[in-house]
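Below, each chain spelled out in residue letters.
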Amino acid sequence: MTCNKSRVVLVVLSVAAWIVSTVSAEEPPGVKLMRPDSLVGWDCGDPAPAGWTITQGRLSGKKGSTRLLSAWTFGDFQLRLEWSVAGGGVCKLLMPDVPAGKGLELLLREGDGCGQLNDGDKQLSPGVKIGPVKDKMHTAHVGRAGGKLSLAIDGKQLYQVDLKAARRFGLGLAVTEGEAAVAQMRVEEPPGEPIFNGKDLTGWWTPGNPKAWVVDGGDLMLKNHGGNYLRTEKEFGNFSISMEYKSKKHCNSGVGIRTPRNGWPSGDGMELQIEDRPGMGKGSTMALYGNVPPLARADKSEQWNRVVIKADGRMVSAWVNGELVQQCNTFHHPELKHRFLKGWIGFQDHGRWIRIRNLHVLQAPDGLGLDAWQKPCKPLATTGLLDRLMNPEQLAVVDGLGSGVAAKAVSDDKKGEHVLAELTGPGAMVRVARTNDQGRLAFFFDGEAKPRIECKPQDLRGTLPQLAEDSNPLPTCLTYKKSLKIVLRREKGTRFNLCEAPSGPSRQIKPGPFFAYRFDYVTFPKNLPVESFTGRKSGFPRGWLSAVVYRYHRCRWGASREVSPLGQLGSEKKTIAPGKTETLIRGDGAGIVRWVRLQVGKQALGSNDLRLEATVDGEKQPAISAPVRFWFPGVVNMEGYYNFTLLCSGGPTNMLAMPYAAGITFAIKNTGSQPIEGVGLTVRVAPADDKNRGQIAGRMRLRGVFQPAGEGSNELVRWDGAGRWVGLVYQQPDGPPTGIGQLDVDGKSVGGWAAPNLDSFLGIAGQSRAALSGRIGSLSWRYMMLAPVQFQKSLVLKANTNKLGDRLALFYVKK
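Computed from a prediction, not measured in an experiment: that's the story for all the values here.

(A) Summary view of the pairing of strand β11 (residues 138-145). Along β11, seven of the eight residues are buried, which leaves the element largely enclosed by surrounding structure. Here strand β5 (residues 77-95) runs beside β11; their pairing, made up of seven bridges, is antiparallel. Bridge pairing in β11 places L79 opposite V142. Here β11 runs beside strand β12 (residues 148-153); their pairing, made up of six bridges, is antiparallel. Within the sheet, the bridge partner assigned to H141 lies in β12 and is A152. The antiparallel pairing of β11 with β12 creates a hairpin that spans two residues between the two strands, and G146 there sits at a positive phi of about 60 degrees.

(B) Geometry of the sheet that holds strand β58 (residues 794-799). Strands sit in the order β50-β58-β52-β53 across an open sheet of four strands; the sheet is antiparallel. Looking along the sheet, the strands with just one partner apiece sit at the ends: β50 (715-720) and β53 (748-750). Ignoring strand direction, the axes of neighbouring strands in this sheet form an average angle of 25 degrees. In terms of strand pairing, β50 meets β58 through five bridges, oriented antiparallel.

(C) The arrangement of unusual backbone geometry in detail. In this chain, V98 is followed by P99 through a cis amide linkage whose omega measures 5 degrees. Position of P99 among the secondary structure elements: in the loop between β5 and β6 (104-108). One non-glycine residue, Q184, adopts positive backbone phi at about 50 degrees. Within the secondary structure, Q184 sits in strand β14 (residues 172-188).

(D) Looking closely at the packing of aromatic side chains. Within this structure, the stated rule accounts for 21 aromatic pairs. Ring centres 5.9 Å apart and planes at 45 degrees place the aromatic pair W72 and W319 in the tilted group. On the criterion of sequence distance, the pair formed by W72 in the loop between β4 (68-69) and β5 and W319 in strand β24 (residues 315-320) is long-range, its members being 247 residues apart. Look at W319 and you get buried, because its relative accessible area is 2%. Ring centres 6.0 Å apart and planes at 80 degrees place the aromatic pair Y550 and W557 in the edge-to-face group. Its relative accessible area of 4% is what places Y550 among the buried residues. Here a set of aromatic residues connected by ring pairs shows up, and it is made of W42, W72 and W319. Seen from the ring of W205, R261 lies directly overhead, with NZ or CZ sitting 4.0 Å from the centre.

(E) Inspection of the sheet that holds strand β26 (residues 344-348) at higher detail. Taken in spatial order, the five strands make up an open sheet running β16-β19-β26-β21-β22, and their pairing is antiparallel. Only two strands of the sheet have a single neighbouring strand rather than two, namely β16 (204-205) and β22 (270-275). The sheet contact formed by β16 and strand β19 (residues 229-232) spans two bridges and is antiparallel. Across the sheet, the residue bridging to W204 is T232, located in β19.

(F) Fine view of helix α2 (residues 381-390). Summarising burial for α2: nine of the ten residues are buried, a large majority. Among the residues of α2, A381, T382, T383, L385, L386, D387, R388, L389 and M390 are the ones counted as buried.

(G) How the structure looks around the pattern of salt bridges. The full count for this structure, using the stated rule, is 37 salt bridges. Between K92 and E105 there is a salt bridge whose closest N-O contact spans 3.2 Å. Residue K92 is located in strand β5, and its partner E105 is located in strand β6; the two are separated by 13 residues in the primary sequence. We note that K92, like E105, is buried. The closest approach of N and O atoms between R489 and E417, which form a salt bridge, is 2.8 Å.

So, how was this worked out
- Residues numbered from 1 in each chain as written.
- Predicted model: local features only at pLDDT ≥ 70, side-chain atom pairs only at ≥ 80, totals over all residues.
- Heavy atoms only, no water.
- Buried < 20%, exposed > 50% of the residue type's maximum accessible area, 1.4 Å probe, protein only.
- Helix = DSSP H or I, 4+ residues; strand = E, 2+ residues; numbered from the N terminus.
- Pairing = 2+ DSSP bridges.
- Axes fitted to C-alpha atoms, helices over the stretch in contact; angles between N-to-C directions.
- Phe/Tyr/Trp six-rings, centres within 6.5 Å; stacked < 30°, edge-to-face > 60°.
- Lys NZ or Arg CZ within 6 Å of the ring centre and 35° of its normal.
- Salt bridge = Lys/Arg side-chain N within 4 Å of Asp/Glu carboxyl O.

In structure tokens, the structure reads:
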């Protein structure tokens with residue numbers, strides 16, 4: 001009991017000292033709540049901000065401006081700001097209750113009633129009369145400590161009122177009369193409790209070398225390489241971290257947060273990067289590593305830097321030396337929305353010296369913060385499209401997006417300008433495949449006389465919005481509102497044609513007799529906002545392009561969301577006898593299978609003997625029944641590569657999502673003559689809840705049609721009904737290469753598809769693996785995740801021959 005009393009006394013003294021320090025400090029304490037040039041961090045309400053301007057950190061609004069809601073909530077705090085009004089202006093400082101409720105409203109005005117404080121419909125203070133000030137702004141200081149809230153205006157204490165100590169508040173702004181402006185808004189929270197005692201590593205652990213981390217002069221220091229992440233034994237959910245760090249030049253470290261015990265921050269929790277290098281990329285200081293670059297840089301090289309990191313529900317913010325440098329609502333982020341909301345805090349060993357001191361954590365109550373933060377954003381054309389790569393279950397949603405292909409070949413002897421494609425908007429070009437790097441490409445938007453883009457073909461990867469490292473075929477998202485015309489400007493020069501080479505930018509070009517282009521594009525419904533290209537990142541929310549490229553890289557490492565809050569179903573490894581079928585996994589109810597992973601020896605991926613069957617919603621026939629190497633074509637050699645669909649960590653893995661409403665089963669069948677040992681299966685499942693059960697029931701289902709080799713028909717792909725075609729895996733038979741005769745959609749021939757071989761469809765000649773297509777030996781594949789082919793009645797892809805190989809066509813179809 002004595003210890004508990006001592007603890008209470010220490011906490012009270014700590015809070016009292018914090019209040020005194022905030023009053024007596026010469027320099028404004030705390031952190032800035034506004035960027036000098038944007039409303040980031042104040043755009044979290046509905047509707048979106050309108051009627052506001054911000055210049056050099058001064059935020060101005062008027063009557064009719066929308067209410068602003070910030071990205072932060074607070075318990076105890078000290079808030080300071082400067083304010084001014086004009087034309088009878090009234091500025092309201094809004095403090096809504098967490099998670100919902102009107103909460104407090106504080107009126108700032110000149111004349112009577114300045115400082116009026118309302119709690120819902122109850123007035124707590126009528127305020128006082130404040131006169132105008134010359135040549136400067138008024139000041140306001142709002143303090144909250146425990147059950148007390150106080151207000152000072154222009155340095156004069158006005159009042160102190162009682163509040164329930166357990167209440168927590170958000171922060172917002174509104175102008176209800178005239179005009180108003182605020183500036184220099186700063187907040188300070190209590191430091192919380194120290195989580196490093198300055199003496200030893202009590203309360204910390206690492207799976208690496210614990211001797212790499214030492215205590216030196218009261219500082220936590222990385223001394224030697226091999227320390228892995230140093231992690232707290234305790235887990236933290238909502239919190240504010242305050243600390244100081246100092247690093248050597250070119251240091252690469254990071255602060256891991258909300259990571260499960262055996263997880264990795266950049267893949268399972270989150271990592272706020274520390275890197276002593278110039279730049280503003282997805283790996284710069286206070287980037288949410290790999291996914292969201294910082295807003296700005298405020299760190300000082302090889303000096304002590306003060307950092308505050310605030311995790312509040314799905315809001316993550318960071319300040320360096322008082323400047324807001326990171327703010328992200330991960331609820332709306334295509335990757336970070338899947339991460340844990342509770343876990344360890346840690347520091348990364350990336351082989352460079354770093355020191356850390358004054359490390360404190362102020363814990364906050366569990367929860368998701370303000371309900372308003374969880375409201376869906378108005379969809380953009382670009383986010384709906386890119387989400388197909390990040391979360392393939394979006395392919396099962398009827399979203400109104402269409403697709404098409406424009407293709408053109410020009411003989412080598414034709415110089416001058418050649419119109420390769422004329423596309424009508426709104427839409428986006430999402431893929432370019434070419435056989436030649438000669439000449440220059442010009443892109444004309446919306447009927448303009450001058451191109452917004454002109455470059456050499458080999459420079460497209462560095463010019464267009466980047467989704468991957470591939471240069472040919474090049475995945476991208478080049479948006480246009482009205483139209484896009486693509487012109488090849490060609491002069492005399494060497495002829496070039498695509499040859500066999502490894503995937504990625506190293507793919508080489510060799511002489512050839514002609515050059516040809518194929519452009520895949522998407523059309524958007526009129527109600528989706530889209531803007532024509534003005535720069536590589538225009539039209540995309542901050543962090544989305546970075547996240548897509550990071551996902552592409554993660555697949556190369558063979559892993560994605562390995563430790564997940566979602567459920568997982570798995571089987572024991574079994575020996576499958578010849579002619580036998582074994583049900584390995586049975587899932588009840590409704591949900592979405594996010595990925596399917598097979599555990600089996602490499603030799604089983606070299607033939608068609610082992611088949612995997614998936615059955616959904618209690619149907620009599622499997623939705624997909626195909627040899628396992630057709631399920632996992634790009635990793636039949638058990639090697640990871642840069643792509644969006646296939647993994648190999650822990651076994652071949654396919655990430656095409658499978659929604660189901662009334663159960664799902666997976667079975668393995670041995671059609672060979674020998675037993676197959678060590679066969680297991682794991683699936684990652686997102687179970688349905690009351691909010692999305694109806695949505696899942698209405699989504700399209702993944703179907704696969706496997707057809708064995710034969711010479712009876714020239715139909716490569718066929719489906720009767722409504723849906724979208726998303727993929728083809730094809731085994732080239734002996735003899736001349738299979739080509740495409742035509743594509744019929746709903747009984748009508750579609751242009752751009754005819755080709756003498758599959759190279760233009762794959763975008764690849766020879767052996768290679770790319771972001772969404774590839775070829776290993778005679779097995780080739782293409783996933784059309786960006787531009788699947790829509791059909792309402794039927795789809796038939798015809799070859800230019802009747803001699804066809806084994807193939808698996810994949811569809812999302814309506815029930």
